[in-house]
Amino acid sequence: LSRIDEAIRRELRMAVGDAPILDRVPSHYLRDETEARGLNGEADAVALPATAEEAQTIVAWCYGHDVPIIPRGGGTGFSGGAVPIGGGVVLSTERLRAVRSFDPLLWRMNVEAGRTTAEVRQLARESGLLFPPDPGGGEQSQIGGNIATNAGGPHAFKYGVTGHWITGLEVIVAPGELISLGGAQRKDVAGYDLISLLVGSEGTLGLITAAWLRLMPAPASSAPVVAFYTEIDSGCEAIERVLGYGIPVAALEYLDPTTVELATAGFRADAPPGSFMVIAEVDGSAEEVVYRREELIGALQEDALSIYAPLEGAEIAALWQWREGVSLVVQAVRGGKVSEDIAVPVDRLGQAIKRTLEIGQIFGLRACSWGHAGDGNLHSTFMIDPASSEDVQAATEAARALFAVAIDLGGTVSGEHGVGLVKGGQLARQWQPAGLRLHERVKHALDPKGLFNPGKKLARP
Ligand SMILES: Cc1cc2nc3c(=O)[nH]c(=O)nc-3n(C[C@H](O)[C@H](O)[C@H](O)COP(=O)(O)OP(=O)(O)OC[C@H]3O[C@@H](n4cnc5c(N)ncnc54)[C@H](O)[C@@H]3O)c2cc1C
């Protein structure tokens, strides 16, 4: 590979200048969060453009020379989407950081793709506004990556996933054209909904360089209620009760008993051993939160072993910080994990949780799950030693069995992390042949040479 690398780097420099092209390929550009399951890629070059025009020149050069382009944000993805396979140019957006405009009084922001999720949320918050999408890993994940995966998060239950908050995109599409779709206007039905097509496209249709974000006034107050149950079934019944009572919760999360046991150390209150945990949160004006919180406690306390309902801001922040760290705590148990993000209709959640545990038993792996209960979205996880090829193999087979369960229960193989590399071909389980063909025709129409993130998001095995 090395002589090809050098030639590609030299020619790219002639096209775009020295600055954006790194001298070598640092190893962290070859992986994402799937490293914990042993995934590492290879690339010919890493490009870090500082402007959309530089990015355009790089894409045009690559497209003209049949060199694959692998868009990369913060590298926090769980599906290997940003991992380059078999060479090409990793095009990282980390230097595309400008806030092109911010109009707090009009609730909108135009920001380049490389700003982190946390920075955008903080900037909005300083003006009393909220950018609701809150995927974990927000200190590192970028707005471009959030859009490309249509990321969710705990509060997506009430506010919707990332795509819901996008009114415009700037994108570089084949063979190297910089185009704008939508903009600051909040409504636009003039064309086909190309924004939605790009949202969730995982770098396979183009490179997102900037986005117009819709913001909303931040709720004045919020109050979480945590409840523990003896059984998965009673916990899931409580979740359905919250919905059935019509309580407009912002977040509705669960942790199964194994996850509670593993993650309990940093939790501020007592977690009854072996219990199933539900975390729900209401938000709104201070008055609304007072009575909604009472309703929520009423719905959750039936059958509950105990309830924890913090009111202090610091305690609430600590709860969500703890929740964000669950993934890493579970990973630390054996050094690695294969964690899939299936989603099922909410009334099938209990079955999906139990079947995750059964699959773990069948394949000899410790399993657990947690996730966004209101959206029926599980993080079904098999703990592995990443150095053990038997573990990796068993977990890969367990994940396949899990995808079959998701379909069997009327759900999807991916609720929020995307297909990337690790779920390549699994969509074929879910869709009919005509739907798969249409999917492939869309890819071909936008990327006729198949150079944008090759090998990712494939619909068929
Ligand atoms: C601790 C932790 C918790 C998480 N919790 C959640 C959660 O609650 N909900 C959730 O949905 N996800 C979650 N994730 C997964 C991950 O954070 C999201 O998928 C995130 O949106 C990925 O953003 P990124 O910038 O890191 O993208 P990357 O990992 O760099 O890339 C992801 C995909 O997007 C493509 N891409 C990246 N940038 C661009 C661009 N500018 N243009 C075109 N394509 C691009 C890449 O090619 C790749 O296919 C979590 C991750 C971690 C580590």
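Scroll up a little and you will see the structure.
Residues numbered from 1 in each chain as written. Predicted model: local features only at pLDDT ≥ 70, side-chain atom pairs only at ≥ 80, totals over all residues. Heavy atoms only, no water.

Novice: I'd like a description of the overall build of the chain, backed by residues and values.
Specialist: Along its length, the chain carries 13 helices and 17 strands. Its C-alpha atoms give the chain a radius of gyration of 22 Å, near enough to 23 Å, the size a compact globule of 461 residues would have. Along the first, second and third principal axes, the C-alpha set of the chain runs to 65 × 55 × 40 Å. Scored against the burial criterion, the 461 residues of the chain give a buried share of 54%. Contacts in the chain between residues far apart in sequence, at least 24 positions, make up 73% of those at least 6 positions apart. Within the structure as shown, the chain displays about 18,800 Å² of accessible surface, and the carbon and sulfur contribution to it stands at 52%. Here the chain holds 40 positive side-chain charges and 57 negative ones, and the gap between their average locations is 5 Å. (Helix = DSSP H or I, 4+ residues; strand = E, 2+ residues; numbered from the N terminus. Rg over C-alpha atoms; globule rule 2.2 N^0.38 Å. Buried < 20%, exposed > 50% of the residue type's maximum accessible area, 1.4 Å probe, protein only. Contact = heavy atoms within 4.5 Å. Areas by Shrake-Rupley, 256 points an atom, 1.4 Å probe, with all protein chains shown as cover. Lys, Arg positive; Asp, Glu negative; His and termini not counted. Charge placed at Lys NZ, Arg CZ, Asp CG, Glu CD.)

Novice: An account of a nonpolar patch on the surface is requested, with residue identities and associated values reported.
Specialist: The grouping of Y192, L194 and L197 at the surface amounts to a nonpolar patch, some 340 Å² of accessible area in total. As for its placement among the helices and strands, L197 is situated in helix 6 (residues 194–198). For L197, a relative accessible area of 31% corresponds to the partly exposed category. (Patch = residues over 30% accessible without salt bridge, like charges linked within 9 Å, V, L, I, M, F, W, Y side chains within 5 Å. Salt bridge = Lys/Arg side-chain N within 4 Å of Asp/Glu carboxyl O.)

Novice: Would you mind going over the packing of aromatic side chains in detail, with residue names and values included?
Specialist: Scanning the model with the defined rule gives five aromatic pairs in all. The rings of F228, F267, Y308 and W322 are connected pair by pair, giving a single aromatic cluster. Across the ring face of W165, the terminal group of R214 is positioned such that the distance to the ring centre comes to 4.4 Å. (Phe/Tyr/Trp six-rings, centres within 6.5 Å; stacked < 30°, edge-to-face > 60°. Lys NZ or Arg CZ within 6 Å of the ring centre and 35° of its normal.)

Novice: An account of empty space enclosed by the protein is requested, with residue identities and associated values reported.
Specialist: In the structure shown here, the tally under the stated rule is one cavity of 30 Å³ or more. Its volume calculated, the largest cavity comes out at about 60 Å³. E33, T34, A36, R37, F78, Q331, K337 and S339 together form the lining of the largest cavity. Looking at the lining of the largest cavity residue by residue, the classes come out as two nonpolar, three polar and three charged. (1 Å grid on protein atoms, 1.4 Å probe; cavity = no way out; pocket = protein on both sides within 12 Å on 5 of 7 lines; lining within 4 Å. Points joined across faces, edges and corners; volume = space filled by probe spheres on them. Nonpolar A, V, L, I, M, F, W, Y, C, P; charged D, E, K, R; others polar.)

Novice: How would you sum up unusual backbone geometry? Please name residues and give values.
Specialist: Residue P175 is bonded to the preceding A174 through a cis peptide linkage, with omega at 0°. Position of P175 among the secondary structure elements: in the loop between strand 7 (166–173) and strand 8 (177–182). Unlike most non-glycine residues, D66 shows phi in positive territory, near 55°. Mapped onto the secondary structure, D66 falls in the loop between helix 2 (52–64) and strand 2 (69–72). A positive phi angle is found at E202, which is not glycine, with a value near 55°.

Novice: Give me the nonpolar core: which residues, what numbers.
Specialist: Core analysis: the largest hydrophobic core is formed by 45 residues, its most contacted members being F276, L296 and L300. The set of elements that each furnish at least two residues to this core consists of strand 11 (221–229), helix 7 (232–244), strand 12 (251–255), strand 13 (276–284), helix 9 (286–301), helix 11 (349–362), strand 17 (377–384) and helix 12 (389–408). Broken down by element, this core gets its largest block of residues, eight residues, from helix 12. Those residues in contact with L300, other than ones at most four positions away along the chain, are V225, A227, Y229, A238, R241, V242, V278, A280 and I307. One finds I166, L181, I208 and L213 within the second-largest nonpolar core, a separate group that totals 27 residues. (Core = buried A, V, L, I, M, F, W, Y, C linked by side-chain atoms within 4.5 Å.)

Novice: Residue-level account of the side chain of T116, with values.
Specialist: Tracing the sequence through the fold places T116 in the loop between strand 5 (108–112) and helix 3 (117–126). On the basis of relative accessibility, which here comes to 11%, the residue T116 falls in the buried class. When residues no more than four places from it in sequence are discounted, the contact partners of T116 are G138, E139, Q140, S141, Q142 and I143.

Novice: Just give me the short version of the pairing of strand 2, but keep the residues and values in it.
Specialist: Along strand 2, one buried face is formed by I69 and P71 and the opposite face, lined by I70 and R72, is buried too. Judged from the four bridges that link them, strand 2 and strand 3 (residues 89–92) form a sheet pairing that is parallel. Its bridge partner lying in strand 3, I70 is registered against V90. (Pairing = 2+ DSSP bridges.)

Novice: Go over the packing of helix 7 against helix 11, please, and point to the residues and values.
Specialist: Viewed as axis vectors pointing N to C, helix 7 and helix 11 meet at an angle of 150°, and their least axial separation amounts to 9 Å. Taken together, the axes of helix 7 and helix 11 lie roughly antiparallel to each other. Handedness of the helix 7/helix 11 crossing: right-handed. Across from I232, D233, C236 and I239 in helix 7, the residues of helix 11 making contact are L349, G350, I353, K354 and L357. Split by residue class, the contact of helix 7 with helix 11 holds six nonpolar, one polar and two charged. (Axes fitted to C-alpha atoms, helices over the stretch in contact; angles between N-to-C directions. Parallel < 35°, antiparallel > 145°, perpendicular 65-115°, else oblique. Left-handed = near helix turned anticlockwise from the far one by under 90°.)

Novice: Go over the site of the ligand with me, naming the residues and quoting the values.
Specialist: Taken together, 35 residues are adjacent to the ligand, and P71, G73, G74, T76 and N146 come closest. Contact between the ligand and P71: an oxygen atom at 2.6 Å from a main-chain N or O atom of the residue. Between the ligand and G152 there is a distance of 2.9 Å, counted from an oxygen atom to a backbone nitrogen or oxygen. Within the residue set of the shell around the ligand, elements represented by two or more residues are strand 2, helix 4 (143–149) and strand 9 (207–214). The class makeup of the residues in the shell around the ligand is nine nonpolar, 22 polar and four charged. (Near = heavy atom within 4 Å. Polar contact = N/O pair within 3.5 Å; in protein donor to acceptor, adjacent residues only side chain to side chain.)

Novice: Outline the sheet that holds strand 17, listing residues and values.
Specialist: Ordered in space as 14-11-13-12-16-17-15, the seven strands form an open sheet in which the pairing is antiparallel. Strands with a single pairing partner mark the edges of an open sheet, and in this sheet they are strand 14 (306–308) and strand 15 (336–340). Going across the sheet, the axis of each strand differs from the next one's by a mean of 20°, ignoring polarity. When strand 12 meets strand 16 (residues 367–372), the two strands line up antiparallel, connected through two bridges. Bridge pairing in strand 16 places Y254 opposite G371. Along the sheet face, helix 7 touches strand 11, strand 12 and strand 13 and points at about 15° away from the line of strand 13.

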